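These are the residues of each chain, in order.
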Amino acid sequence: WGASMQAPMENLKNLSLSVPDLLKTVKQFVQPDKHGQLDQMLNRYLSKELGKQQLQLELRSVAGRDALRQALLAHVPQIGELAKKRELQERELVADALTAMGMPQQG
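Predicted model, so just to flag it, every value in this text is computed and none were measured.

Let us look at the overall build of the protein. In terms of regular secondary structure, the protein is built from six helices and zero strands. Of the regular secondary structure in the protein, the N- to C-terminal order runs α-α-α-α-α-α. Considering only intrachain contacts with a sequence separation of at least 6, the fraction spanning at least 24 residues in the protein is 61%. Accessible surface, the protein: about 7600 Å² in total, of which carbon and sulfur atoms supply 51%.

Shown next as C-alpha cells:
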C-alpha cells in the first residue's frame, strides 16, 4: 500500500472491512470510467480468482493511492483521528524532552 498507507492499514487490521464495501466506497472517489474495472476486480475476488495481495495491487493501480486513501478515511473515519492524536502525542513528547533538557520550546 505504500509508506503513507502503512499506519492506516495497520489500524484496519482490528476492524472488519469487507471488500465489497471498500470497493463501493472507492467508486465514490474515482472517475466513472473506472467503475467497470472495479466491478470486475470484485467479481474475480469473490470467485477466488484474485487473492488479497493481487487485489491490493490492482486496486492501487486502477483507483490510485489518493482515491484509496480517501475511501479508507471515509469508510473508517477514526483512522484520521488516530493519526492526529499520534501527531499531538509526538509533539508533546518532544516538548517534554526539550523542557527536561532545559531548552526553550519553539512555537
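That shown, we press on.
A full pass over the atoms with the stated rule returns four salt bridges. Put simply, Glu-58 and Arg-44 hold a salt bridge, and the shortest N to O gap is 2.9 Å. Linking Glu-58 in helix α4 (residues 52-63) with Arg-44 in helix α3 (residues 35-46), this pair joins segments that are 14 residues apart in sequence. On the basis of relative accessible area, Arg-44 is assigned to the partly exposed category, the value being 30%. In this structure, Arg-91 engages Glu-87 in a salt bridge whose closest nitrogen and oxygen atoms are separated by 2.6 Å. Placement of both Arg-91 and Glu-87 in helix α6 (residues 78-100) is noted, with a separation of four residues, approximately one turn of the helix. Using a relative accessible area of 40% as the deciding quantity, one classes Glu-87 as partly exposed.

Summarising the element assignment, Phe-29 is placed in the loop between α2 (19-27) and α3. Note on Phe-29: relative accessible area 29%, which makes it partly exposed. Distance in space between the C-alpha atoms of Phe-29 and Ala-63 is 8.1 Å, their sequence separation being 34 residues. Setting aside residues no more than four positions away along its own chain, Phe-29 makes contact with Ala-67, Gln-70, Ala-71 and Ala-74.

Conventions adopted
- Residues numbered from 1 in each chain as written.
- Predicted model: local features only at pLDDT ≥ 70, side-chain atom pairs only at ≥ 80, totals over all residues.
- Heavy atoms only, no water.
- Helix = DSSP H or I, 4+ residues; strand = E, 2+ residues; numbered from the N terminus.
- Contact = heavy atoms within 4.5 Å.
- Areas by Shrake-Rupley, 256 points an atom, 1.4 Å probe, with all protein chains shown as cover.
- Salt bridge = Lys/Arg side-chain N within 4 Å of Asp/Glu carboxyl O.
- Buried < 20%, exposed > 50% of the residue type's maximum accessible area, 1.4 Å probe, protein only.

As far as function goes, none of this settles anything; it's purely spatial.
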